[in-house]
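# Coordinate analysis (summary)
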Amino acid sequence: MAWLRERPEVNDTAKLWLYARRGEGKSTSYEYEPELSVTSRIRCTRNGRSQWIWITRDDRDSDGKKATVSFLGRDKALLESILEEGREIQRQKREKFLTVVQVYDFGKEHGLNWLHPQDKDRKQPGRSISSVVLPRHNAQSSMDQAEALLEDAREFLASEAWYTERGIPYRRGYLLYGVPGGGKSSLIMAVASELRLPIYVMSFSSERMNDEVLSSLLQYGMHDPPTILLLEDVDMLHSAVLNRHKPTEESDSDQESEKRNKRRGRLTLSCLLNALDGPTATTGRLLFMTTNNRDALDPALLRSGRIDYELEFKPAASEQICRLFLRFYSDFSRANHMDPAKQGNGELKLKAERFVQRLEESGRKLTTADIQRHLMKRKKSPERAVQEVQELIDAFADEPTAPRPEKDKNTAQAA
């Protein structure tokens, strides 16, 4: 149907179906698609050759989503090209939006299943990878950690044949761990937006969740790969993922854990591992797990093959804070006729350096979320952000401070 809407021959039809879609505000946009109540004939050109195809749209009184495509010949390449063009049209339309699919409890009759957002629902706007400011990947690389992870995901998606030839399961797992507010969720959203992939958020909190339901969710109801499967705050989701070998403080902790598992639906670690990386696990899937406490997870969940790429999120580094400041006020530099490409030597760069220097002198360990909250309140004035940086420092007065580097005696005497 996406392919049909782009065909000029179909759009010239005298009958159209009209749809009203309410936008984010009060405005309403209108879209239409051709009515194919009877068989329509369209001349399709492919590889310089013309061919007639017949398309019949089913009655709209049914589900309204079926169409029959017929053409003469034995080669199915024409049909495959139509489907691929339609998928590409849909990918382009999803470019500005992010599709997030969650697990929903449909009651006793249907149980847990994926709740796909409808076209009429309000969608989340996508975000670029440049909006996630992380430290540099390494000293020799111009990419930061966010861009390096995105590059790794792109390489994986382009290597399906390589995996198949070597008999390696076509899956890749990412573990994002570290301080809260470091940008783990933001990075996943940016990667999904850049790759135009839907995010399936798995939740283990329902009492209906068990081994059978988990296997069914991961095998059925998801879009055609590639997709992103997200286990967010995995250390808080279910006791099945916790470290089995970690010593317990109370003697009855195992019994309490077993009772808790029964209440939550008897989800076991072995089933979770098989669902993620077993014989029945789906391929073409990017697995993302986030946690604030990596050591609390069971080692079997983190072994090589299930987790292939780990990224630790730490308090914001000085260079990272400087780039965050410059990006946050990039519109300000353009409004003042500053060249963004040369802003590193300009006035905005000096403000960023003063801002970073004040934070370094305080010794506070802050995350990018902490700094962004300070900048958000002063989004129209970088001067205020620098002048009122003490408020940011005082807000985290109880937080541990970073050790200051010792000055040598010669430097101290010179000062």
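Preceding block: the structure.
About the criteria used
- Residues numbered from 1 in each chain as written.
- Predicted model: local features only at pLDDT ≥ 70, side-chain atom pairs only at ≥ 80, totals over all residues.
- Heavy atoms only, no water.
- Pairing = 2+ DSSP bridges.
- Helix = DSSP H or I, 4+ residues; strand = E, 2+ residues; numbered from the N terminus.
- Axes fitted to C-alpha atoms, helices over the stretch in contact; angles between N-to-C directions.
- Contact = heavy atoms within 4.5 Å.
- Core = buried A, V, L, I, M, F, W, Y, C linked by side-chain atoms within 4.5 Å.
- Buried < 20%, exposed > 50% of the residue type's maximum accessible area, 1.4 Å probe, protein only.
- Right-handed = clockwise from strand over helix to strand, strands pointing away.
- Salt bridge = Lys/Arg side-chain N within 4 Å of Asp/Glu carboxyl O.
- Polar contact = N/O pair within 3.5 Å; in protein donor to acceptor, adjacent residues only side chain to side chain.
- Expected span 1.5 Å × (residues − 1).
- Arc of directions from axis to C-beta.

### A look at the sheet that holds strand β8 (residues 112-115)
- In spatial order, the strands read β8-β7-β11-β12-β13-β10-β14; together these 7 strands make up an open sheet with mixed pairing. One side of each edge strand has no neighbouring strand; the edge strands of this open sheet are β8 and β14 (309-313). Here the strands of the sheet are splayed against their neighbours by 25 degrees on average, with no regard to which way each runs.
- Helix α10 (residues 269-277) contacts β10 (171-178), β12 (227-231) and β13 (285-291) of the sheet and is inclined by roughly 140 degrees relative to β13.

### Details of the nonpolar core
- Within the largest apolar cluster, 33 residues are counted, with the highest numbers of intra-cluster contacts made by Trp 114, Met 202, Phe 204, Leu 214, Leu 231 and Met 289.
- The element contributing the most residues to this core is α10, with 6 residues.
- In terms of nonpolar packing, the next biggest core, distinct from the first, is built from 30 residues, Leu 98, Ala 153, Ala 190 and Val 201 among them.

### Let's talk about the pairing of β12
- Taken across its 5 residues, β12 has 5 buried, putting it largely inside the fold.
- What you see with β12 is no split at all: Thr 227, Leu 229 and Leu 231 on one side and Ile 228 and Leu 230 on the other are buried throughout.
- One ladder, built from 3 bridges, connects strand β11 (residues 199-201) with β12; its direction is parallel. Opposite Val 201, over in β12, you have Leu 230 as the bridge partner.
- Handedness of the crossover joining β11 and β12 through helix α7 (residues 211-219) is recorded here as right-handed.

### Points about the pattern of salt bridges
- Across all of its chains, the model carries 15 salt bridges by this definition.
- A single salt-bridge network, built from bridges that share partners, covers Arg 136, Asp 144, Glu 319 and Arg 323.

### Topic: the side chain of Ser 81
- Within the element layout of this structure, Ser 81 appears in helix α3 (residues 77-93).
- With a relative accessible area of 18%, Ser 81 lands in the buried category.
- A distance of 2.6 Å separates the side chain of Ser 81 from the backbone oxygen of Leu 78, its partner in a polar contact.

### Observations concerning helix α14 (residues 347-362)
- Taking 1.5 Å of rise per residue, 16 residues should cover 22 Å, and α14 covers 23 Å from first to last C-alpha, within 8% of that figure.
- Residues of α14 that are buried include every one of Leu 348, Lys 349, Lys 351, Ala 352, Phe 355, Val 356, Leu 359 and Ser 362, and no others. The arc enclosing the buried residues of α14, seen along the axis, measures out at 160 degrees, which places them on a common side.
- Of the residues one or two after α14, Gly 363 is the one with positive phi, at around 75 degrees.

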